[in-house]
Amino acid sequence: MHSRSVSPRETGYSIGASSAEHQSQTLVSSSSIMTPKRVSGGFALMDSLKRHGVECIFGYPGGAILPVYDELYSFEATGSIKHILVRHEQGASHAADGYARATGKVGVCFGTSGPGATNLVTGIATAYMDSIPIVVVTGQVPRAAIGTDAFQETDIYGITLPIVKHSYVVRNSQDIANIVAEAFHIASTGRPGPVLIDIPKDVALEEFDYIPVEPGLVKLPGYHFIVKGNPKQISAALHLIKESHRPLLYVGGGVITANAHEEIKALAELFNIPVTTTLMGLGAFEELHPLSLGMLGMHGTAYANFAVSDCDLLICVGARFDDRVTGKLDEFASFAKVIHIDIDPAEVGKNRVPDVPIVGDVKSVLTDMLHRCQETEFLANPNQTQEWLASIHC
């Protein structure tokens, strides 16, 4: 019914199920309370996007996606969805990425088949590498023409497999509502990322009895991500923090994604731990705070990099030991023990094997750590890092 893929990022996750299983197992249907309405696939797509809170779409029209744009016209005329016409499809994917970063919502962009779809690739890759939730809708040649090297046909599904969190090629217009609901759920949960929906032109034109799928009504039995951190690992991390004399918090974009600004601040102030951020983590911790060392890495501050070299415990939160930060990996924090907190198990131990790995949502893990700090064995000693802070600020 529709094609699907699992990207390398889904390591630790599992998304399987055929379309038939998918329809019977993953959808909590609203058919009992709604009367089907005869609509086109293009209308179903636009209505589904509206139901998922989409207010703005960035795109550039072309032949294969015109049926969707025909339906978009009426939605834009009523003011329910605004379309921003870009001058090049690459601008659409970058704009959707920027919109998602600025608003915290899922960004959406449109492109047509062939060159329109391939022009979106750089923006999709950017969103993938930076864990930004976007849904990319591309037009495709009619189903019968797929695989024939038809005019402006490219396998955008195959091309983007390494740089999306998930992909769909819609084979049946009746699947559109389910697919959109799944796409938004997958793009915005766990470690966020881009999801591609490729729609053949005849699917967008095809009429069927449409039953909407509201947000939150899909269940994906094989799609799992860990939210709560392992209590034993949290205890082990707190023991390392208590024993450390030169700890350092290394904060990445995962803290912003998880909205864990207050938790990072609370942990830093509780133990008087200096904080350095990655480029993606800028804004996660107040730059003018006395414990802030600013950004680290190739383009970071000298004192942040010196602190990394001298620390005895590196607490990595929502970061991935990127080469722009670490330089020579074997020389990065070479004397330090490492605690690594991340929601994506594929990142933990990928570049640096931690002494204490904690897989889970950053906000949830930090909240649990802070609660545990009220226990007698983990009570903070604010003077523990006094000499360390003095050496940093001298």
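Just so you know, these numbers come straight off a predicted model, no measurement behind them.

Peer 1: So what's going on with the overall build of the chain? Which residues, and what values?
Peer 2: The helix and strand inventory of the chain stands at 16 helices and 15 strands. Whereas a compact globule of 394 residues would reach a radius of gyration of roughly 21 Å, the chain reaches 23 Å, a difference of no more than 12%. Seen through its C-alpha atoms, the chain measures out along the principal axes to roughly 70 × 45 × 40 Å. By sequence separation, contacts in the chain at least 24 residues apart represent 77% of the contacts at least 6 residues apart. Accessible surface, the chain: about 16700 Å² in total, of which carbon and sulfur atoms supply 56%.

Peer 1: Outline the pattern of salt bridges, listing residues and values.
Peer 2: Scanning all chains against the criterion turns up 16 salt bridges. Taking the shortest distance from any N to any O, the salt bridge between Arg101 and Asp97 comes out at 2.4 Å. Taken together, the positions of Arg101 and Asp97, both in helix α4 (residues 89-103) and 4 residues apart, correspond to about one turn of that helix. For Arg101, a relative accessible area of 38% gives the class partly exposed. A salt bridge links Arg143 to Asp202, with the shortest nitrogen-to-oxygen separation between them at 2.8 Å. Of this pair, Arg143 sits in the loop between β6 (134-140) and α7 (156-159) while Asp202 sits in helix α9 (residues 201-205), and the two are 59 residues apart along the sequence. On the basis of relative accessibility, which here comes to 24%, the residue Asp202 falls in the partly exposed class. Ionic contacts of the salt-bridge type, sharing partners, join the residues Arg191, Asp344, Glu347 and Lys350 into one network.

Peer 1: Can you tell me about the packing of helix α2 (residues 41-51) against helix α3 (residues 66-77), naming the residues and giving the values?
Peer 2: Between α2 and α3, whose axes approach to 8 Å, the crossing angle comes to 50°. The pairing of α2 with α3 is recorded here as oblique in orientation. Crossing angle aside, the handedness with which α2 passes α3 is right-handed. The segment α2 lies against α3, with Gly42, Phe43, Leu45, Met46, Asp47 and Lys50 engaging Pro67, Val68, Glu71, Leu72 and Phe75. Split by residue class, the contact of α2 with α3 holds 7 nonpolar, 1 polar and 3 charged.

Peer 1: Now, about helix α12 (residues 261-271): what can you tell me, with residues and values included?
Peer 2: Among all positions in α12, only Glu263, Ile264, Leu267, Ala268 and Phe271 are buried. Taken down its axis, α12 places every buried residue within 130° of arc, on the same side. Tucked into the core, α12 has its buried residues touching α10 (231-243), β10 (247-251), α11 (253-257), β11 (275-277), β13 (313-317) and α15 (362-372). Of the residues one or two after α12, Asn272 is the one with positive phi, at around 55°.

Peer 1: If you had to explain the sheet that holds β13 to someone new, which residues and values would you point to?
Peer 2: Taken in spatial order, the 6 strands make up an open sheet running β12-β11-β10-β13-β14-β15, and their pairing is parallel. Looking at which strands have only one partner, the edges of the open sheet turn out to be β12 (292-295) and β15 (356-359). Sheet twist, expressed as the average angle between the axes of neighbouring strands with direction ignored, equals 15°. As paired strands, strand β14 (residues 337-342) and β15 are joined by 4 bridges and run parallel to one another. From the neighbouring strand, His340 faces β15, where its bridge partner is Pro357. Against the sheet, α12 touches β10, β11 and β13, its axis set at about 170° to β10. Contacting β13, β14 and β15, α15 runs over the sheet at an angle of about 125° to β14.

Peer 1: Describe in detail the state of the cysteines, supporting the description with residues and values.
Peer 2: Under the defined criterion, the tally for this structure stands at 0 disulfides. Note on Cys109: no disulfide assigned, nearest cysteine sulfur contributed by Cys56 at a separation of 11 Å. By relative accessible area, which is 0% here, Cys109 ends up buried. With no disulfide of its own, Cys373 has Cys316 as its nearest cysteine by sulfur position, at a separation of 18 Å.

Peer 1: An account of the environment of Val325 is requested, with residue identities and associated values reported.
Peer 2: Looking at the secondary structure, you find Val325 in helix α14 (residues 323-326). On a C-alpha basis, the gap between Val325 and Thr277 in space is 9.7 Å, while along the polypeptide they are 48 residues apart.

Peer 1: Could you give an account of the confidence of the model for the chain, naming the residues involved and the relevant values?
Peer 2: With 91% of its residues at a pLDDT of 70 or more, the chain has an overall mean of 91. Per-residue pLDDT stays below 50 along residues 28-32; that stretch engages in 5 contacts with residues further than four places along the chain or on separate chains.

Peer 1: Outline the packing of α10 against α15, supporting the account with residue identities and numerical values.
Peer 2: Between α10 and α15, whose axes approach to 10 Å, the crossing angle comes to 60°. For α10 against α15, the interelement crossing comes out right-handed. Within the contact between the two elements, α10 uses Pro231, Ile234, Ser235, Ala237, Leu238 and Ile241 and α15 uses Val365, Asp368, Met369 and Arg372. In terms of residue class, the contact of α10 with α15 is built from 7 nonpolar, 1 polar and 2 charged.

Peer 1: Tell me about a negative patch on the surface, and name the residues and values.
Peer 2: Together, Glu262, Glu269, Glu286 and Glu287 give the surface a local cluster of negative charge. Note that Glu269 resides in helix α12.

Thresholds applied
Residues numbered from 1 in each chain as written. Predicted model: local features only at pLDDT ≥ 70, side-chain atom pairs only at ≥ 80, totals over all residues. Heavy atoms only, no water. Helix = DSSP H or I, 4+ residues; strand = E, 2+ residues; numbered from the N terminus. Rg over C-alpha atoms; globule rule 2.2 N^0.38 Å. Contact = heavy atoms within 4.5 Å. Areas by Shrake-Rupley, 256 points an atom, 1.4 Å probe, with all protein chains shown as cover. Salt bridge = Lys/Arg side-chain N within 4 Å of Asp/Glu carboxyl O. Buried < 20%, exposed > 50% of the residue type's maximum accessible area, 1.4 Å probe, protein only. Axes fitted to C-alpha atoms, helices over the stretch in contact; angles between N-to-C directions. Parallel < 35°, antiparallel > 145°, perpendicular 65-115°, else oblique. Left-handed = near helix turned anticlockwise from the far one by under 90°. Nonpolar A, V, L, I, M, F, W, Y, C, P; charged D, E, K, R; others polar. Arc of directions from axis to C-beta. Pairing = 2+ DSSP bridges. Disulfide = S-S within 2.5 Å. pLDDT = per-residue confidence, 0-100. Patch = residues over 30% accessible without salt bridge, like charges linked within 9 Å, V, L, I, M, F, W, Y side chains within 5 Å. Lys, Arg positive; Asp, Glu negative; His and termini not counted. Charge placed at Lys NZ, Arg CZ, Asp CG, Glu CD.

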